[in-house]
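Below are the chains, spelled out letter by letter.
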Amino acid sequence: MAAEPPAAPEADKPDGDKRALRADARRNRDRLVEVAAAAFAEHGLDTSLEDIARRAGVGIGTLYRHFPTREHLVEVTYRREVEALIAAADELAAAGPPDAALAEWMQRFVGYIATKRGMADSLRILLTTKSELFAPSSGLLPLALKRLVDAAIADGSIRGDVDSADVLHALSATYSTPDTPDWQARSRRLVSLLMDGLRWGAARGR
C-alpha cells in the first residue's frame, strides 16, 4: 500500500482549508480573551495562564501562540472590556428606560473593575511602556456614562443636579475597595445605593 502523502503546509492548502484554519484560530483567540476576563475577575492576581488555557479548552502552547506574554493577553483583554462597556451604554439605552439603563451600566462597571483589579500588576507594566493603551478609554468611557446620565436627567428619572464626572468618580472608587472575598457583592450594593441617591428627588418621582 502506498504511503500517505505528508500533510500540505498551510500555504499549500486549498483556500477553503486555510479559511477554516483561520476561523478556528480566531475562535480560540476570542475564547481565550473571554475566559481571561472572567478568570482575572474571579481569581485576581493569582490567575495563571495555564488555568486560562485549560478553561478555554486549549493547550498552553495555543495560548502562547496568540499571546506571547502575560502582558500581551492583559492588553487585549483590557481593551475588550473597555470596548464592551462603552458599547453597552448604547445597547442598554435602546433596550429600556434611561434610569434602568444607567443602573445596569453601573453594575457592569463593577464587573469591569473586577477584571481590571485582577490585571493590576500587568497594567502597571503596560502603563510605563505602552501608555497609549489607556488613551482611548480616557475619553470614551466618561462620554458613554455622560450619555446615560444626561438621558436619565432629561427623562426626569434622576435628579437634575447630577454631574456624570462625580458619578464616575464614585464608581471608580470601587477599584480601591479592600480585597475581601465579598468585595464585589459589597461594591454592587454600594452602587445600588448610589443609584437610589440619583433617583431621590427626581422630577418624575415627585
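Look up: the structure comes first, before these words.
Residues numbered from 1 in each chain as written. Predicted model: local features only at pLDDT ≥ 70, side-chain atom pairs only at ≥ 80, totals over all residues. Heavy atoms only, no water.

Brief notes about the overall build of the protein
Move 1: A count of helical and extended segments in the protein gives nine helices and zero strands.
Move 2: Helices and strands in the protein line up, N terminus first, as α-α-α-α-α-α-α-α-α.
Move 3: Going through the 206 residues of the protein one by one, you find that 39% of them count as buried.
Move 4: A total of about 11,600 Å² of accessible surface is found on the protein, and carbon and sulfur atoms cover 56% of it. (Helix = DSSP H or I, 4+ residues; strand = E, 2+ residues; numbered from the N terminus. Buried < 20%, exposed > 50% of the residue type's maximum accessible area, 1.4 Å probe, protein only. Areas by Shrake-Rupley, 256 points an atom, 1.4 Å probe, with all protein chains shown as cover.)

Some thoughts on the layout of surface pockets
Move 1: Space inside the largest pocket adds up to approximately 270 Å³.
Move 2: Along its surface, the largest pocket is lined by 15 residues, and Gly44, Leu45, Arg117, Asp179 and Trp183 are the ones closest to its centre.
Move 3: Secondary-structure elements contributing two or more residues to the lining of the largest pocket are helix 1 (15-43), helix 5 (98-118) and helix 9 (183-199).
Move 4: Examining the composition of the lining of the largest pocket, we find that four residues originate from one element, helix 1, more than from any other.
Move 5: Taken together, the residues of the lining of the largest pocket sort by class into eight nonpolar, four polar and three charged. (1 Å grid on protein atoms, 1.4 Å probe; cavity = no way out; pocket = protein on both sides within 12 Å on 5 of 7 lines; lining within 4 Å. Points joined across faces, edges and corners; volume = space filled by probe spheres on them. Nonpolar A, V, L, I, M, F, W, Y, C, P; charged D, E, K, R; others polar.)

A look at the side chain of threonine 115
Move 1: By the secondary structure assignment, threonine 115 is in helix 5.
Move 2: Taking relative accessible area as the criterion, threonine 115 reaches 2% and is therefore assigned buried.
Move 3: Of the polar contacts made by the side chain of threonine 115, one reaches the backbone oxygen of alanine 37; its length is 3.2 Å.
Move 4: If we ignore the near neighbours within four places in the chain, the residues touching threonine 115 are Ala37, Phe40, Ala41, Thr77 and Glu81. (Polar contact = N/O pair within 3.5 Å; in protein donor to acceptor, adjacent residues only side chain to side chain. Contact = heavy atoms within 4.5 Å.)

Things to note about the packing of helix 8 (residues 164-172) against helix 9
Move 1: Contact pair helix 8 / helix 9: the axes reach a minimum separation of 11 Å and the direction vectors enclose 160°. Judged on the interaxial angle alone, helix 9 and helix 8 are roughly antiparallel. Two packed elements cross with a definite hand, and for helix 8 against helix 9 that hand is right-handed. Between helix 8 and helix 9, the residues in contact are Val167, Ala170 and Leu171 and Val191, Leu194 and Leu198, respectively.
Move 2: Residues that form the contact of helix 8 with helix 9 fall into these classes: six nonpolar, no polar and no charged. (Axes fitted to C-alpha atoms, helices over the stretch in contact; angles between N-to-C directions. Parallel < 35°, antiparallel > 145°, perpendicular 65-115°, else oblique. Left-handed = near helix turned anticlockwise from the far one by under 90°.)

Thoughts on helix 8
Move 1: For helix 8, the set of buried residues is Ser164, Val167, Leu168 and Leu171. The buried residues of helix 8 occupy an angular sector of 100° when projected down its axis, which confines them to one face. Residues of helix 8 that are exposed and angled more than 90 degrees away from the buried face: Asp166 and His169.
Move 2: Put simply, aspartate 163 is the residue that caps the front of helix 8, since its side-chain oxygen is 2.8 Å from the backbone nitrogen of alanine 165. (Arc of directions from axis to C-beta.)

So, helix 5
Think of an α-helix as 3.6 residues a turn; residues three or four steps apart then line up on the same face.
Move 1: For helix 5, spanning 21 residues, the distance from its first C-alpha to its last is 31 Å, which sits close to the expected 30 Å at 1.5 Å a residue.
Move 2: Counting buried positions along helix 5 yields 16 of 21 residues, so the element is predominantly enclosed. (Expected span 1.5 Å × (residues − 1).)

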